[in-house]
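The chain contents come next:
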Amino acid sequence: MVKEVRTEDGSLTLFSEKFREPYHSVTAGALTEAVEKFCKPCRIRERAKSGEVNLLDVCFGLGYNTVAFINEALSENPKARLKIVSFEFDISVIEKSFKLDWKEFNRWKWVLREALKNRRCEKSVLVLSTENPQIQLKIYITEGRKFLKALSCRYENFADAVFHDPFSPKVNPELWTYEFFKGIRRMTKETGILATYSTSTAVRRALHMAGFGVREGVAVGRKSRSTVASPTFKTEEKLLEKFKLPTSVPFRDPTLSDSSELIKYRREGCIKLLSRSLPLEVLY
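So, a few notes on the structure that sits alongside this text. (Residues numbered from 1 in each chain as written. Predicted model: local features only at pLDDT ≥ 70, side-chain atom pairs only at ≥ 80, totals over all residues. Heavy atoms only, no water.)

This paragraph deals with the packing of aromatic side chains. A full pass over the atoms with the stated rule returns 13 aromatic pairs. Through successive ring pairs, a cluster of aromatic residues spans Phe-87, Tyr-140, Phe-147, Tyr-155 and Phe-158. Lys-109 extends its terminal NZ or CZ atom over the ring of Phe-98, reaching a point 5.6 Å from the ring centre. A cation over an aromatic ring shows up here: Lys-109 above the ring of Trp-102, its NZ or CZ 5.5 Å from the ring centre. (Phe/Tyr/Trp six-rings, centres within 6.5 Å; stacked < 30°, edge-to-face > 60°. Lys NZ or Arg CZ within 6 Å of the ring centre and 35° of its normal.)

This paragraph deals with the pairing of strand β8 (residues 135-141). Among the 7 residues of β8, 6 are classified as buried, and the element is accordingly described as predominantly covered. One ladder, built from 6 bridges, connects strand β5 (residues 81-87) with β8; its direction is parallel. Counterpart to Leu-82 in the pairing with β8 is Ile-135. Pairing between strand β7 (residues 125-131) and β8: 6 bridges, direction antiparallel. When the sheet's bridge partners are listed, Leu-126 is paired in β8 with Ile-141. Turn length for the β7-β8 hairpin, with the two strands adjacent in sequence and antiparallel, is 3 residues. (Buried < 20%, exposed > 50% of the residue type's maximum accessible area, 1.4 Å probe, protein only. Helix = DSSP H or I, 4+ residues; strand = E, 2+ residues; numbered from the N terminus. Pairing = 2+ DSSP bridges.)

Before going further, it helps to examine helix α3 (residues 64-76). In a regular helix each residue adds 1.5 Å, so 13 residues correspond to 18 Å; α3 covers 18 Å between its end C-alpha atoms and thus fits that length. Most of α3 sits inside the fold, with 11 of its 13 residues counted as buried. Inspection of α3 places Tyr-64, Asn-65, Thr-66, Val-67, Ala-68, Phe-69, Ile-70, Asn-71, Glu-72, Ala-73 and Leu-74 among the buried residues, and these make up the whole buried set. (Expected span 1.5 Å × (residues − 1).)

Counting across every chain of the model gives 0 disulfides. Of all cysteine sulfurs, the one in Cys-42 lies closest to Cys-39, which takes part in no disulfide; the gap is 7.8 Å. As a non-bridged cysteine, Cys-153 has Cys-121 as the owner of its nearest cysteine sulfur, 17 Å distant. (Disulfide = S-S within 2.5 Å.)

Next up on the list: the nonpolar core. The nonpolar side chains of a soluble globular protein tend to be buried, and buried together. Counting 86 residues, the largest nonpolar core has Phe-69, Ile-70, Leu-82, Ile-139, Tyr-140, Phe-163 and Ile-184 as the members making the most contacts within it. Ranked by residues supplied to this core, first place goes to α3 with 7 residues. The contact partners of Phe-69, leaving out residues within four places of it in the chain, are Cys-39, Ile-44, Val-53, Leu-55, Leu-82, Ile-84 and Phe-163. (Core = buried A, V, L, I, M, F, W, Y, C linked by side-chain atoms within 4.5 Å. Contact = heavy atoms within 4.5 Å.)

A water-sized probe, rolled over the atoms, reveals where empty space remains. One pass over the structure, following the stated rule, counts 1 cavity of 30 Å³ or more. Its boundaries defined by the atoms lining it, the largest cavity holds a volume of some 30 Å³. Around the largest cavity sit Phe-60, Gly-63, Thr-66, Val-67, Trp-102, Trp-108, Val-111, Leu-112 and Leu-137, which together line it. When the residues that make up the lining of the largest cavity are grouped by side-chain class, the tally is 7 nonpolar, 2 polar and no charged. (1 Å grid on protein atoms, 1.4 Å probe; cavity = no way out; pocket = protein on both sides within 12 Å on 5 of 7 lines; lining within 4 Å. Points joined across faces, edges and corners; volume = space filled by probe spheres on them. Nonpolar A, V, L, I, M, F, W, Y, C, P; charged D, E, K, R; others polar.)

For the rest of this paragraph, the subject is the packing of helix α1 (residues 30-39) against α3. It is the contact of α1 with α3, at a shortest axis distance of 9 Å, that shows an interaxial angle of 65 degrees. Of the two elements, α1 crosses α3, and the hand of that crossing is right-handed. On the side of α1, the interface is formed by Ala-30, Leu-31, Ala-34, Val-35, Phe-38 and Cys-39, while α3 contributes Tyr-64, Asn-65, Ala-68, Phe-69 and Glu-72. Of the residues assigned to the contact of α1 with α3, the class counts are 9 nonpolar, 1 polar and 1 charged. (Axes fitted to C-alpha atoms, helices over the stretch in contact; angles between N-to-C directions. Left-handed = near helix turned anticlockwise from the far one by under 90°.)

The mixed open sheet is built from 9 strands, whose spatial order is β6-β7-β8-β5-β4-β9-β10-β12-β11. The strands lining the two open edges of the sheet, one partner per strand, are β6 (119-122) and β11 (213-216). Taking each pair of neighbouring strands and ignoring which way they run, the sheet shows an average axis angle of 20 degrees. The sheet contacts of helix α5 (residues 109-117) involve β6, β7 and β8, and relative to β7 the element is tilted by about 140 degrees. Relative to β5, helix α6 (residues 144-151) is tilted by about 120 degrees, and along the sheet it contacts β5, β7 and β8.

Structure below.
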C-alpha cells in the first residue's frame, strides 16, 4: 500500500508502507534529487554528446530517475540514442506513478505509457518495454537479486551510468551488499559511473571491495554528501581511513538469497567481534 507525499520542490512521491520510507527524498525534492544526485554526478549531459548512453536504473520505482536521465540526455543532444535497463518488484507503483503530475517531465510520459502497454516474458519474468530508434527501455518486474542472478549476464559491461536508488540499507540491506555490488560492477563499463544517495561508510566500503573507486558526491537536501563510484576512480584517502573501523563492515549475502534479518544480523555480529579484537589505537 502506498500514499502520496509532496516533496520540497513541489513534486509528488509515494510512501511505501512495506518499507516505511518514501520513494524519494522529501527534503531535496523528488525531481530535484533525480537530477542533482543521479544525472549530474554520472555526467549524463557530457556522455550524451558522444551520441549514445546506457543506463542501469537500480529500482525503477516511480520512474523519475529514468525520465530525468532521458530529459538531461536529449536536452543536451536531441539525436542521442538511449538504452535503459531497470527492475522493479511492484508494478502497481509504476502504474500509480503514471497518474501523478510529473511537472516538467510530463512530456516523457509516453515512454512509460508504451512500456505499460508492451508486456512480455523473458525467463519467466514479466518485462515492460519501450522500443524505438532513439529510446529503448526495459523494466523487469522482479526483485533485484533475482534479476542479478537470472538476467545480468545479458548486460555485462553495459552501463555508462548506474543510478543506485533502493530503499535505505537499514530496511532493504539485500540491495546494498558486497555481493550485489559485485554483480553491478560486472554490468558497468570500465568508464561507467555509479551514483547513490547513501552516505554509509559500510556501503562505500562494499563498493570499494567490489571494484569501484569511491568518492563523496553532492549534498542536496541534507548536510552529508552522497556517494559516487567508478572503476576508473581512486578511492579517497579519507574514506580508506574510515574503512579501517569495525563499523565499516559491509553487508554480506553470499548466495544473494538471505533474508534482510540475517544480512543485518551477520554484519552486527562481525562488528561486535572486530570491536572486541582490535586495539584501541585502531578503533579510536
